[in-house]
Amino acid sequence: MPEGTITVNYSGAVNAALWRCLAELPETLLYGEDVAKPGGVHGVTRGLWKEFGDRVFDTPISESAILGSAVGAAMMGRRPIVEIMWADFFLVALDQMVNQAANIRYVSGGRLTAPLVVRTQQGNSLGACAQHSQNLEAFFCHTPGLRVAMPSTPQDAYDIMVSAVHCDDPVVVIDNRTLYFGEKQEIVTDRPPAAIGGSHVRRTGPGATMVTWGAITHRVIEAADRLAANGTPVTVIETPWLNPFDTDAVLESVAKTGGRLAVVHEANTTAGFGAEVVVRAAEAGVLRQPPVRIGVPDTRIPAAPELAAALIPGTERIAAEVAGLVATG
Amino acid sequence: MREQLMADLRAMWRIRAFEEKTQALCGSGDVRGSVHLCIGQEAGPVGAAEAFTDGDALFATYRGHGWAIARGVPLEPLFGELLGRASGVNGGRGGSAYLSAPEYGFLGENSIVGAGTPMAVGAALAGRHDGSSRLAAVVFGEGAMNQGAVHEAMNFAAMMALPVLFICENNRWSELTLTRDMVRNPSLTDRPKALGIPAIRIDGNDPATVRETILDFAEAAREDGGPAFVELTTQRLVGHYVGDAQQYRTREELAEDRRQEPIARAAAALAEAGVAAAEIDAVRAAAWAEVEQAAAAALAASPADVSTVREHVYA
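Residues numbered from 1 in each chain as written. Chains lettered and ligands numbered in written order. Predicted model: local features only at pLDDT ≥ 70, side-chain atom pairs only at ≥ 80, totals over all residues.

## Some points on the overall build of chain A
Here's step 1: For chain A, the count of helices and strands is 12 helices and 14 strands.
Here's step 2: Taking 2.2 N^0.38 as the reference for a compact globule, 329 residues should give roughly 20 Å; the C-alpha atoms of chain A span a radius of gyration of 20 Å, in line with that estimate.
Here's step 3: Here the C-alpha coordinates of chain A stretch approximately 60 × 45 × 45 Å along the principal axes.
Here's step 4: A burial count over chain A gives 54% of its 329 residues as buried. (Helix = DSSP H or I, 4+ residues; strand = E, 2+ residues; numbered from the N terminus. Rg over C-alpha atoms; globule rule 2.2 N^0.38 Å. Buried ≥ 20, exposed ≤ 12 C-beta atoms within 10 Å, placed from the backbone.)

## Description of the sheet that holds strand 1 (residues 57–59) of chain B
Residue and element names in this part refer to chain B.
Here's step 1: Pairing is parallel in the open sheet, where 6 strands are placed in the order 2-1-3-4-8-7. In the strand order of this sheet, the two ends are held by strand 2 (106–108) and strand 7 (199–203), each with one partner. Each neighbouring strand pair of the sheet contributes to a mean axis angle of 20°, computed without reference to strand direction.
Here's step 2: Across 2 bridges, strand 1 lies against strand 2 in parallel orientation. Following the sheet pairing, Phe59 is matched in strand 2 by Gly108. (Pairing = 2+ DSSP bridges. Axes fitted to C-alpha atoms, helices over the stretch in contact; angles between N-to-C directions.)

## With respect to the domain arrangement of chain A
Residues and elements named next belong to chain A.
Here's step 1: In terms of domains, chain A is made up of domain 1 (5–188) and domain 2 (200–326).
Here's step 2: Listed as interface residues are 25 residues of domain 1 and, on the opposing side, 22 residues of domain 2.
Here's step 3: Those elements giving two or more residues to the side of domain 1 that touches domain 2 turn out to be helix 6 (137–141), strand 6 (147–149) and helix 7 (154–166).
Here's step 4: Classifying every residue of the side of domain 1 that touches domain 2 gives 13 nonpolar, 9 polar and 3 charged. (Domains from an automatic or database assignment. Contact = placed C-beta atoms within 7 Å. Nonpolar A, V, L, I, M, F, W, Y, C, P; charged D, E, K, R; others polar.)

## Structural notes on the interface of chain A and chain B
Here's step 1: Taken together, the contact pairs 34 residues of chain A with 32 residues of chain B.
Here's step 2: The set of elements that each furnish at least two residues to the side of chain A that touches chain B consists of helix 3 (63–75) and helix 5 (94–107) of chain A.
Here's step 3: No other element matches the 9 residues that helix 3 of chain A contributes to the side of chain A that touches chain B.
Here's step 4: Residues that form the side of chain A that touches chain B fall into these classes: 13 nonpolar, 14 polar and 7 charged.

## Brief notes about the packing of helix 1 (residues 2–27) of chain B against helix 10 (residues 262–272) of chain B
Residue and element names in this part refer to chain B.
Here's step 1: The contact between helix 1 and helix 10 brings their axes to 10 Å, and the two run at 150°. Compared by their axis directions, helix 1 and helix 10 come out roughly antiparallel. Note that helix 1 runs across helix 10; the crossing there is left-handed. Within the contact between the two elements, helix 1 uses Leu5, Met6, Asp8, Leu9, Met12, Trp13 and Arg16 and helix 10 uses Pro262, Ile263, Ala266, Ala267, Ala269 and Leu270.
Here's step 2: The residue inventory of the contact of helix 1 with helix 10, partitioned by class, reads 11 nonpolar, no polar and 2 charged. (Parallel < 35°, antiparallel > 145°, perpendicular 65-115°, else oblique. Left-handed = near helix turned anticlockwise from the far one by under 90°.)

## Section: the pairing of strand 3 (residues 136–141) of chain B
All names here are of chain B.
Here's step 1: In terms of burial, strand 3 is largely enclosed, as 6 of its 6 residues are buried.
Here's step 2: Covered by surrounding structure in strand 3 are Ala136, Val138 and Phe140 together with Ala137, Val139 and Gly141, the residues of both alternating faces.
Here's step 3: Pairing geometry for strand 1 and strand 3, over 3 bridges, is parallel. The residue of strand 3 that forms the bridge with Leu58 is Ala137.
Here's step 4: Pairing between strand 3 and strand 4 (residues 164–170): 6 bridges, direction parallel.

Listed below in structure tokens is the structure:
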């Protein structure tokens, strides 16, 4: 293995990033429900408590206290990294993110700041109930003052966590638990922390621009490969940072792909962040065809896997809808 | 005792005059928006102030002008904030109900009931790791005792043995509703006690009692690193907000509150101790002179700077 690289799955990448941040930044703290001695309900924070002692600790099942104490500690100069075990649990404590963390810098005119990172994970997985399946990124994107990221690869999981911890704004990093134990990949771990933001071109082709983020990126790439195999290659832009969002990269690509844009996310469509992406393209005047928005329809999420699968966009549906878009000429 | 009580009276009158002037500025339309006055509750901040040192962190509520003043925030930028002036402590971004002055250890009011409690826990947590062992104090009304965040914060502080002072100002009214009608167990201190937090209910209209109690608890919190809870019984002599007609209160209740309120009590005690009426009146006059000067200066200052309104959303 080359120096400065490790071979890890997504979960291991997050763990390595947390390890690095705790080691390099003495002002960091890491806490949340079951994150220390148990190592996290998904095992992501395993071993950190042993290495970093009382800077890593378990908390009561008290989301308001977790987030609120992170805000207070950040105001006093710490860089807390806290975990909300399921994004759905955010909803019992949104006050501390929206009314508190997001306001600190603005209302104080920059004399107070809240450089905290909230790690969470979301989305549907086999048999998950309606209260463990939601995709809530749009809530945070609709809150000025917060930064939002949704990685989908081990390298991004690592890089984004390091950037988020170094960022002076409150950052919400949303994983998808179905990614945690994916295949191991070699990732680079010795780069200096990058500025937040940016995007990746995952596939290129003139047929259309597909914009996506989070775990569904993998399905979008599969769909794009299928389209390419059928002779209609398309461009896939993955935007792991939703705030700041790489609008320029999207607009440039849409302009180069015949003004055809499809946005794909696992969240439901109405007021989803995809709607924002479509509007930005419309405002910029780069659309030449009606855009395509692919997401879960506006329903609740059922537990039975067969029912959930009927709602969550799969590779086939994505490929079919984008093939229709490409066919618009 | 006499010297201290005179000093307390001066400090209480500064707050009272500030609040009464604010009320007048609401009436004249100079202060716009929701304003919550602490008239009648001045003994709490005045008595507690001595317990705080430079590195400590104080979080308050929207009824927090008195706590900001007690913490040392000058009156002119406070008026400036209420008036939406560039010279305000937050340049007009906070307003009456959400202002902060971190240079004075005043980490801010909060307009979400109970929300400051977990933040104070975090400030104490930071102190454990930055070597300061700072004391964090959070003030909230007794109505906030029915907020989940307060319960979570108290348990979190107890579990971690963090030096947090939970200061509950009990003015009996959860906004416009009697708190005793909103609970089955009227003893609020039973709740922190159940979480393993030492708790006491004291006369919050006597600055000396408040001072002694808060100093003791603050010292214990710093030494043992555990939280404490102090309930200050008090009353507000005015509405929940400026403009509140208070139809929910009886004349008898208000008359009794006026007998109990801290400034009247301090003045009576001083008179009994032989202080001349003129000397007591002079305290009031001096506070008003300072307040009028500060308000005039704030009124004369430039309005909040619109050209910066989009700044500081992000780093």
